[in-house]
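Examining the three-dimensional arrangement
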Amino acid sequence: MSPYIYMLLLSSLGLGTTITFMSSHWLLAWMGLEINTLAIIPLMTQHHHPRTTEAATKYFLTQATAASTLLFASTTNAWLTGQWDIQQMIHPAPAMMITLALALKVGLAPLHTWLPEVLQGLNLTTGLILSTWQKLAPLALLTQIPTMDQTILTTLALTSALVGGWGGLNQTQLRKILAYSSIAHLGWMILALQYTPSLTLLALIIYIIMTISAFLTFKLNKTTNVNSLSISYTKTPTITAMAPLILLSLGGLPPLTGFMPKWLILQELTKQGMPLMATLMALSALLSLYFYLRLSYSMTLTSSPNNSPGTTPWRLFSPKPSLSLSAFTMMTLLLLPTTPTTMTLLTL
């Protein structure tokens, strides 16, 4: 792909998200989401492979369904209340339809089935954009909707956390595992959204940092499945030694950065008088932790069966880690002590 076209598509992604961020009218918000969708589809199909074409088709059909539902719900709300403003979504029926449409756009369970299949058909760079940037605009709209009934958000959050944990247990493809990890983290974000939106923002920022670190690590090693992780040490020993810490941070283990949002969300649920929900969410985190531990085991404690000549090409391949990978890895591992400062900045 030409660099000029590539920059044009990336600029369109930024423009679509910015329009959605700045809009208070449902038509403008819908327009920003559509610009986002149309900009990422050429990025998905840039390698002209049947799997990328299939992934782009699935993504387009899913996003078109969600966008049409959102447009219908916003039109219905304008017909019932006479308002197009996002903050005036006061009728329960359109509010529920828009919540479900945005849940489909972002990949919340039980509307998640497209996400692992689409992510599996993409390369790691486009998959990273889909897992991070494409979630910003729908989550911004979910934050602005004054929902009347919190039951639907709680149900979506708990279902996403459980499905994200169960779904990744039997996967061998790294992109599918990261897709289910994304679904589980979205469950935590949505659960905090109805009580403390600043916690959702914190969880989203930390999730993006950790996901960038994981994707860049796999991209550097050129690995896309669990079996190929066993030869990572011969290619990049230092990065392979740091990768289990990145994965355990995604799982939410202390004293790593990923523990921060889970800890604060569980604390908030306890303050809201929801100990049962906090217990279920903590147990669902154990499911995700299992497949993160499985990846860590494959990278550090196993070696691929090979003969002596077979190891030569792997040893000759010595990619250099980028500055961005180093920076995001450090943030993934070392931000937990900054929790009080972070919370102070988010509540300003």
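Residues numbered from 1 in each chain as written. Predicted model: local features only at pLDDT ≥ 70, side-chain atom pairs only at ≥ 80, totals over all residues. Heavy atoms only, no water.

- The name given to the chain in an unreviewed UniProt entry is NADH-ubiquinone oxidoreductase chain 2, with the source organism recorded as Odontobutis yaluensis.
- UniProt, in the comment section headed Catalytic activity (unreviewed entry), describes the chain in these words: "a ubiquinone + NADH + 5 H(+)(in) = a ubiquinol + NAD(+) + 4 H(+)(out)".
- The UniProt entry for the chain carries the following comment under Subcellular location (unreviewed entry): "Mitochondrion inner membrane". (UniProt positions renumbered as here; feature names shortened; annotations may be inferred.)

**Considering the overall build of the chain**
- Summing up its helical and strand segments, the chain has 17 helices and 0 strands in all.
- Against the globule reference of 20 Å for 348 residues, the chain gives a C-alpha radius of gyration of 20 Å, in line with a compact fold.
- Counting only C-alpha atoms, the chain reaches 75 × 50 × 35 Å along its principal axes.
- Residues counted as buried form 53% of the 348 residues belonging to the chain.
- On the chain, the mean spot of the 14 positive side-chain charges and the mean spot of the 6 negative ones are 22 Å from each other. (Helix = DSSP H or I, 4+ residues; strand = E, 2+ residues; numbered from the N terminus. Rg over C-alpha atoms; globule rule 2.2 N^0.38 Å. Buried < 20%, exposed > 50% of the residue type's maximum accessible area, 1.4 Å probe, protein only. Lys, Arg positive; Asp, Glu negative; His and termini not counted. Charge placed at Lys NZ, Arg CZ, Asp CG, Glu CD.)

**Considerations on the UniProt feature "transmembrane region" (unreviewed entry) in the chain**
- The feature "transmembrane region" (unreviewed entry), as given by UniProt, occupies residues 6-28, 95-115, 151-170, 177-195, 201-218, 239-256 and 276-293 in the numbering adopted here.
- For residues 177-195, helix accounts for 89% and strand for 0%, while the C-alpha atoms at its two ends are 29 Å apart.
- Secondary structure content for residues 239-256 is 72% helix and 0% strand, and the end C-alpha separation is 17 Å.

**Observations concerning the pattern of salt bridges**
- One pass over the structure, following the stated rule, counts 2 salt bridges.
- Among the salt bridges present, the one from Lys 58 reaches Glu 54, with a minimum N-O distance of 2.9 Å. With Lys 58 and Glu 54 both in helix α3 (residues 50-81), this residue pair falls 4 residues apart, about one helical turn.
- Taking the relative accessible area as the measure of exposure, Lys 58 reaches 29% and is therefore partly exposed.
- Judged by relative accessible area, which is 43%, Glu 54 ranks as partly exposed.
- Residue Glu 117 is joined to Lys 176 by a salt bridge in which the shortest nitrogen-to-oxygen separation is 3.4 Å. Residue Glu 117 is found in helix α5 (residues 114-120), and its partner Lys 176 is found in helix α9 (residues 174-193); the two are separated by 59 residues along the sequence.
- Accessibility expressed as a relative area gives 18% for Lys 176, which makes it buried. (Salt bridge = Lys/Arg side-chain N within 4 Å of Asp/Glu carboxyl O.)

**Examining the environment of Leu 136**
- Mapped onto the fold, Leu 136 is located in helix α7 (residues 136-144).
- It is 9.9 Å that separates the C-alpha atoms of Leu 136 and Leu 201, two residues lying 65 residues apart in sequence.
- Among all residues touching Leu 136, those that are not within four sequence positions of it are Thr 17, Phe 21, Leu 204 and Ile 208. (Contact = heavy atoms within 4.5 Å.)

**Details of the packing of helix α10 (residues 197-221) against helix α12 (residues 237-251)**
- Running from amino to carboxyl end, α10 crosses α12 at an angle of 150°, the nearest separation of the two axes being 10 Å. The handedness of the crossing between α10 and α12 comes out as left-handed. The segment α10 lies against α12, with Met 210, Thr 211, Ser 213, Ala 214, Thr 217, Phe 218, Leu 220 and Asn 221 engaging Ile 239, Thr 240, Ala 243, Ile 246, Leu 247, Ser 249 and Leu 250.
- Grouping the constituent residues of the contact of α10 with α12 by class yields 9 nonpolar, 6 polar and no charged. (Axes fitted to C-alpha atoms, helices over the stretch in contact; angles between N-to-C directions. Left-handed = near helix turned anticlockwise from the far one by under 90°. Nonpolar A, V, L, I, M, F, W, Y, C, P; charged D, E, K, R; others polar.)

**Let's talk about the side chain of Ser 288**
- Mapped onto the fold, Ser 288 is located in helix α14 (residues 275-300).
- The contacts of Ser 288, once residues within four sequence positions are left out, are Gly 164, Gly 165 and Ala 184.

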